[in-house]
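# Remarks on the overall topology
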Amino acid sequence: MTTLAVSALALSACGGGDNSDAGGGSEDGITMGFAQVGAESGWRTANTKDVQDAAKAAGIDLKFTDAQQKQENQIKAIRSYIQQQVDVIAFSPVVESGWDTVLKEAKDAGIPVILTDRSVDSADTSLYATFLGSDFVQEGKSAGEWLVEDSAATDGPVNIVELQGTTGAAPALDRKEGFETAIAADPDLKIVSSQTGDFTRSGGKQVMEAFLKNTPDIDVVYAHNDDMGLGAIEAIEAAGMVPGKDIKIITVDAVKDGMTALSEGKINFIAECNPLLGAQLMDLAEKVVNGEDVPARVVTEETTFTSEQAKEALPTRKY
């Protein structure tokens with residue numbers, strides 16, 4: 001499958017919790033309030049930059065907030081956007097639950113909401129216009145299916161440790177579900193320890209250090225994103241082992257740092273999660289503001305990478 005090119009270019013997420021203008025819209029154009037999760041990973045950095053660039057290219061006035069991975073900051077930002085009477089609100093929810101009240105406030109104010117990258121578990125789907133993002137369950141399945149095939153010739157148990165994403169976040173829940181579904185095909189594949197690394201490189205390193213101390217005979221690391229996998233590499237190397245050989249590593253994202261480690265054999269397999277959602281988001285924003293019908297769910301196309309495929313892809317990688 002070929003990655004869907006949804007935009008180009010890639011910057012750091014804005015710091016702090018304050019709103020900042022990052023678009024080029026005019027007074028009579030569209031104003032979007034965008035509440036980003038934070039800047040916890042290379043994926044998020046690329047996603048933020050792409051949204052900012054796409055807003056500028058589309059002439060949309062972007063009000064941007066970095067929630068620093070805190071739900072209360074996102075809720076505060078959304079309420080601020082409602083008070084500012086923006087035309088549309090977009091956000092990537094830190095966690096799945098707890099959004100109904102503020103989403104109803106936006107609906108009552110007549111402001112459509114677009115969910116990007118992550119979904120919510122609200123039973124009332126009328127509270128948001130559409131969801132734009134990845135199929136996280138499929139990403140987890142792809143990772144698990146590779147391991148099932150790779151372990152086919154292995155006799156005896158294969159011990160897996162799992163570096164989970166932020167507790168309660170949609171990608172963490174879904175990537176776990178998809179992976180477990182896939183490895184159920186081989187009873188020798190067992191997750192022996194699982195803990196959150198909060199999608200950060202430092203978190204991945206700390207949790208992997210604990211795994212190495214407390215969990216004997218680790219064969220595989222499954223990390224819910226590249227950054228945690230890269231942190232695990234640091235811990236494995238510090239323990240005098242060779243990542244990718246002594247302990248195999250599977251991750252999700254396919255950002256440049258992860259792809260580089262994959263090309264070097266330190267990571268064995270990556271399921272892609274495309275962060276370049278900006279152009280699609282701006283297109284959806286224009287349609288919902290103009291009252292046009294949009295699909296309830298817009299899923300991006302993604303692929304997977306082995307070491308050799310990473311070597312081929314890296315020279316032209318945009319993120």
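Scroll up a little and you will see the structure.
In what follows, the accompanying structure is described. (Residues numbered from 1 in each chain as written. Predicted model: local features only at pLDDT ≥ 70, side-chain atom pairs only at ≥ 80, totals over all residues. Heavy atoms only, no water.)

## Thoughts on the sheet that holds strand 7 (residues 158-164)
Here 6 strands make up an open sheet; going across it, the order is 8-7-9-10-11-13 and the pairing mixed. Pairing within the sheet leaves two strands with one partner each, and these edge strands are strand 8 (189-196) and strand 13 (304-305). In this sheet, strand 8 lies alongside strand 7 in parallel orientation, the contact comprising 7 bridges. Within the sheet, the bridge partner assigned to Ile160 lies in strand 8 and is Ile191. Set on the sheet, helix 6 (residues 201-214) makes contact with strand 7, strand 8 and strand 9 (220-223); between it and strand 7 the angle comes to about 150°. Lying over the sheet, helix 7 (residues 226-238) contacts strand 7, strand 9, strand 10 (248-253) and strand 11 (269-272), oriented at roughly 155° with respect to strand 10. (Pairing = 2+ DSSP bridges. Helix = DSSP H or I, 4+ residues; strand = E, 2+ residues; numbered from the N terminus. Contact = heavy atoms within 4.5 Å. Axes fitted to C-alpha atoms, helices over the stretch in contact; angles between N-to-C directions.)

## As for the pattern of salt bridges
Under the definition given, this model contains 19 salt bridges. Residues Asp150 and Lys248 are paired through a salt bridge, measuring 2.6 Å at the closest nitrogen-oxygen approach. Separated by 98 residues along the polypeptide, Asp150 in helix 4 (residues 136-150) and Lys248 in strand 10 bring together distant segments of the chain. Looking at Lys248, the relative accessible area reads 27%, which means it is partly exposed. (Salt bridge = Lys/Arg side-chain N within 4 Å of Asp/Glu carboxyl O. Buried < 20%, exposed > 50% of the residue type's maximum accessible area, 1.4 Å probe, protein only.)

## As for the packing of helix 7 against helix 8 (residues 256-263)
Orientation of helix 7 relative to helix 8, taken along the N-to-C sense of each, is 50°, at an axis distance of 9 Å. Between helix 7 and helix 8, the angle falls in the class oblique. Note on packing geometry: the crossing formed by helix 7 with helix 8 is left-handed. Mapping the contact onto sequence places Asp226, Leu230 and Ile233 in helix 7 and Asp257, Gly258 and Ala261 in helix 8. (Parallel < 35°, antiparallel > 145°, perpendicular 65-115°, else oblique. Left-handed = near helix turned anticlockwise from the far one by under 90°.)

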